[in-house]
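Residue-level structural notes
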Amino acid sequence: MTDDPIVDALTTVLDDVRDDTSGDVADYIPELASADADALSLVLVSPHGGVHAAGDAGHRFTLQSISKPFAFALALQTLGRDEVLERVGVEPSGEPFNAISLEPGSGKPDNPMINAGAIATTAMAPGETIEEKTSSLLTLMSACAGRELKVDEDVYASESETGERNRGIAHLLASYRAFDCGVDTAVESYFRQCSIQVDAKDVATMAATLAFGGRNPATGEQVLAPEVTRDVVAVMSSCGMYDASGRWTVRVGLPAKSGVSGGIIAVDPSEFGVAAFSPRLDRFGNSVRGVRALEEISRRFGLHMLADRPETSSPVVDVDHRDDATVVRLHGHINFGTAAQVAHRMREEAATARLMLDLRDTERLDESCGVVLRRVAADLDASIEE
Ligand code: DON
């Protein structure tokens, strides 16, 4: 047990999936093959920027395809939706990430979450050269992560040495005049973007920036316009998990993006961003234990985006400053997001007065949220009315 009930909940999920050693570490990029296959982490970033980290959360890996939604975001922010969607579609391809998914006739890639579409959107990043494009991509992704990110030069060299298939896709794209820059600039910038080094806390914060309308909840910086963020999350929801996207939507139901180094980010809009990391992959190229961990989180906290969530917009908290105590009274439906806000408020109020938590008027208290609130109350020595 830690002093953070959310970390404890995440740790329990990791404990449940830890023994699953099925799947294989990606080795088509030689440098990825040396990853520590046993590394495992789960990190959640909540509305106030609180980082709840379980497992090997400081373990470094490269973004790989998790970079794709952010490159798409940069293209949308730079050129506007109409111009970007002229050049790249937003339809699920139902094909592997490295498929040559180009629309017959126009050569337009199916969507920006597969390599063909991602190379096209990377080419739209501001700058003329590989260095300038990489720098604009790094600037955006660093702002989303809340710290300065860098390219892992060994992984980049390895990707570039073995990247003939992506070069082939880029040449095909160029034959349809998909780029304003040269093929090399597009494809090498794409390799560099995939090779940006992160840890699970970084990517969870990047996911949280998407969850909170483009505002990084840890730094408070409005990095992306809300409408850009919504478009990106929308495409993640239908295309983020490649040819396993439909299955993911049924089982987890959160917009997500995975990468071949073993990371997965998922977004619960207005609630949190979450990231799982574990390098062994299933046949779709998604992390085996990452998928399982996020499936568990979704199930335990009742997070499926299409599940019934009544009254999430109703006011949930009244605070009554009495002489003998401050009463935090909840009503309506207490879900994860509201529970996190209530916990924050409880801590603030408990700093100045004895606290009482009144749960009698709650109409629905999701099980795990009840556990979290009772733990926070116990930690603050608050009394509870249920
Ligand atoms: O294009 C590639 O081969 C990689 N650099 C990125 C692919 C990736 O992460 C696909 N993910 N599942």
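First things first, this report covers the structure right here in the doc. Predicted, not measured: the structure shown is a model, and the values here were computed from it. (Residues numbered from 1 in each chain as written. Predicted model: local features only at pLDDT ≥ 70, side-chain atom pairs only at ≥ 80, totals over all residues. Heavy atoms only, no water.)

The next thing to look at is the site of the ligand. As a structural note, the neighbourhood of the ligand is formed by 13 residues, with Y28, Q64, S65, E159 and Y190 the closest of them. Within the side chain of N166, one N or O atom sits 3.0 Å away from an oxygen atom of the ligand. The separation between an oxygen atom of the ligand and a polar main-chain atom of V260 is 2.9 Å. Out of a free accessible area of 340 Å², the ligand has 99% covered by protein chains. (Near = heavy atom within 4 Å. Polar contact = N/O pair within 3.5 Å; in protein donor to acceptor, adjacent residues only side chain to side chain. Areas by Shrake-Rupley, 256 points an atom, 1.4 Å probe, with all protein chains shown as cover.)

Contact pair helix α2 (residues 68–79) / helix α5 (residues 130–145): the axes reach a minimum separation of 10 Å and the direction vectors enclose 110°. In terms of their interaxial angle, α2 and α5 are classed as roughly perpendicular. Seen along the crossing, α2 lies across α5 with a hand that is right-handed. For the pair α2 and α5, the contacting residues are F70, A71 and L74 in the first and S136, L137, L140, M141 and C144 in the second. Of the residues that constitute the contact of α2 with α5, the class distribution is seven nonpolar, one polar and no charged. (Axes fitted to C-alpha atoms, helices over the stretch in contact; angles between N-to-C directions. Helix = DSSP H or I, 4+ residues; strand = E, 2+ residues; numbered from the N terminus. Parallel < 35°, antiparallel > 145°, perpendicular 65-115°, else oblique. Left-handed = near helix turned anticlockwise from the far one by under 90°. Contact = heavy atoms within 4.5 Å. Nonpolar A, V, L, I, M, F, W, Y, C, P; charged D, E, K, R; others polar.)

One pass over the structure, following the stated rule, counts 22 salt bridges. Two residues, D318 and R329, come together in a salt bridge whose shortest N-O distance is 2.9 Å. Of this pair, D318 sits in strand β11 (residues 317–321) while R329 sits in strand β12 (residues 326–334), placing them 11 residues apart in sequence. Here R329 falls in the partly exposed class, since its relative accessible area comes to 30%. Through salt bridges with shared partners, a single network forms among D16, E296, R299 and R300. (Salt bridge = Lys/Arg side-chain N within 4 Å of Asp/Glu carboxyl O. Buried < 20%, exposed > 50% of the residue type's maximum accessible area, 1.4 Å probe, protein only.)

All right, on to the nonpolar core then. Formed by 69 residues in total, the largest nonpolar core has its most connected members in F70, I119, F179 and V203. The dominant element in this core, judged by the number of residues it contributes, is helix α9 (residues 200–211), at eight residues. When sequence neighbours within four positions are dropped, the list of residues in contact with I119 reads N166, I169, A170, L173, F179, A186, V187 and Y190. (Core = buried A, V, L, I, M, F, W, Y, C linked by side-chain atoms within 4.5 Å.)

Glancing now at the sheet that holds strand β3 (residues 51–55). By definition, the strands of a sheet pair up through backbone hydrogen bonds, in either a parallel or an antiparallel sense. Pairing in this open sheet of five strands is antiparallel, and the strands run β3-β2-β9-β8-β7 from one edge to the other. Each having just a single partner strand, β3 and β7 (256–258) make up the two edges of the open sheet. Within this sheet the neighbouring strands show an average axis-to-axis angle of 10°, counted without direction. Note that strand β2 (residues 41–45) and β3 share five bridges and pair antiparallel. (Pairing = 2+ DSSP bridges.)

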